[in-house]
Amino acid sequence: MAYTGTKARILDAALDLFSVQGFEGVSVKQIAAAVGIKDSSLYKHFASKREIFDTLLEQMNERYAETAALYQLPQGQIVQMAKEYGRGDLVWLKKGCEAIFLFFLKDPQASRFRRMLMIEQYKNSEASATFQSWFVDSALHFQTALFGEMSKQGYFRPANPETMALQFYAPFFLLLCQYDGKPEKEGEAVRRLMAHVEQFAAVYQIESGENR
């Protein structure tokens, strides 16, 4: 759900502070001061700091789902998705990989929210579950299913799909951490990411001239 006016300013200021100091390290007074309002005025919009945090979680879950939907077909269509990725010589895979990478690296909300989750994952069970889902479980589950199906269809060489997913995703996350907060190196980050995808394909992809 999108918010406007003071409510939106409160959420933005809170996210800015949470991404640096974590949820526990920020007070309602600090958030109100960052917005330029009194504590009492903030409580007219949110009942507590926890409600602000929950609203941010809800917003980012929605934004993540919307962004992912632009580059991934539903899981029920994994057979067709693997076929399209294979026929397109990994062009779709590169585009989707770059889009999700840049979303978490530079999107004003997503990048700050990612930092907040990394700080809070050891203190807040919901933040920990969200971090695990977004940056570990969902990514590996999707890639395992995709690469396994691409092997079945003859686009990739036979291999353990879980291991393939680990090999593909680990550099993605490492580069995300390496280039975090370095907007001037965005082009370098994307080039290295694309080089990784091409190297991965060189290992597993079956060229069109080979027997399938």
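Residues numbered from 1 in each chain as written. Predicted model: local features only at pLDDT ≥ 70, side-chain atom pairs only at ≥ 80, totals over all residues. Heavy atoms only, no water.

A. Expanded view of the overall build of the protein chain. When you go through the protein chain residue by residue, the secondary structure sums to 10 helices and zero strands. When the helices and strands of the protein chain are placed in sequence order, the string is α-α-α-α-α-α-α-α-α-α. Principal axes of the C-alpha set define a box for the protein chain whose edges measure 70 × 35 × 30 Å. Within the span of the protein chain, comprising 212 residues, buried residues form 43% of the whole. Sequence separation of 24 or more characterises 69% of the internal contacts of the protein chain that already satisfy a separation of 6 or more. Carbon and sulfur atoms provide 53% of the accessible area of the protein chain, an area that totals close to 10900 Å². Positive and negative side-chain charges of the protein chain, numbering 24 and 25 respectively, have mean locations separated by a distance of 3 Å. (Helix = DSSP H or I, 4+ residues; strand = E, 2+ residues; numbered from the N terminus. Buried < 20%, exposed > 50% of the residue type's maximum accessible area, 1.4 Å probe, protein only. Contact = heavy atoms within 4.5 Å. Areas by Shrake-Rupley, 256 points an atom, 1.4 Å probe, with all protein chains shown as cover. Lys, Arg positive; Asp, Glu negative; His and termini not counted. Charge placed at Lys NZ, Arg CZ, Asp CG, Glu CD.)

B. Region of the structure containing the packing of aromatic side chains. One pass over the structure, following the stated rule, counts 21 aromatic pairs. On the basis of an interplanar angle of 70 degrees and a centroid distance of 5.0 Å, the ring pair of Phe103 and Phe104 is categorised as edge-to-face. Among the residues examined, Phe103 registers a relative accessible area of 8% and is labelled buried. Here the aromatic rings of Phe147 and Phe156 are separated by 5.7 Å at their centres, their planes lie at 45 degrees, and the arrangement is tilted. Pair check on accessibility: Phe147 and Phe156 agree, each one buried. Members of the aromatic cluster, connected to one another through ring pairs, are Phe101, Phe103, Phe104, Phe113, Phe131, Trp134, Phe135, Tyr169, Phe172 and Phe173. Lying across the ring of Phe46, Lys7 places its NZ or CZ 5.1 Å from the centre. Lying across the ring of Phe23, Lys49 places its NZ or CZ 4.3 Å from the centre. (Phe/Tyr/Trp six-rings, centres within 6.5 Å; stacked < 30°, edge-to-face > 60°. Lys NZ or Arg CZ within 6 Å of the ring centre and 35° of its normal.)

C. Examining the nonpolar core more closely. Within the largest apolar cluster, 64 residues are counted, with the highest numbers of intra-cluster contacts made by Phe18, Ile52 and Leu146. At nine residues, the largest contribution of residues to this core is made by helix α8 (residues 125-152). With sequence-adjacent residues up to four places away left out, Phe18 is seen in contact with Phe23, Val26, Ile31, Lys49, Ile52, Phe53, Leu56, Met116 and Ile119. (Core = buried A, V, L, I, M, F, W, Y, C linked by side-chain atoms within 4.5 Å.)

D. Highlighting the pattern of salt bridges. This model, assessed by the stated rule, comprises 10 salt bridges. With its nearest N and O atoms 3.0 Å apart, the salt bridge here joins Glu198 to Lys94. Of this pair, Glu198 sits in helix α10 (residues 186-204) while Lys94 sits in helix α6 (residues 91-106); the two residues are 104 residues apart in sequence, bridging distant segments of the chain. Judged by relative accessible area, Glu198 falls into the partly exposed class, the value being 45%. The exposure class of Lys94 is partly exposed, given its relative accessible area of 24%. Glu186 is paired through a salt bridge with Lys106; the nearest N and O atoms lie 3.1 Å apart. Here Lys106 lies in helix α6 and Glu186 lies in helix α10, a separation of 80 residues in the sequence. The class of Glu186 is partly exposed, set by a relative accessible area of 24%. (Salt bridge = Lys/Arg side-chain N within 4 Å of Asp/Glu carboxyl O.)

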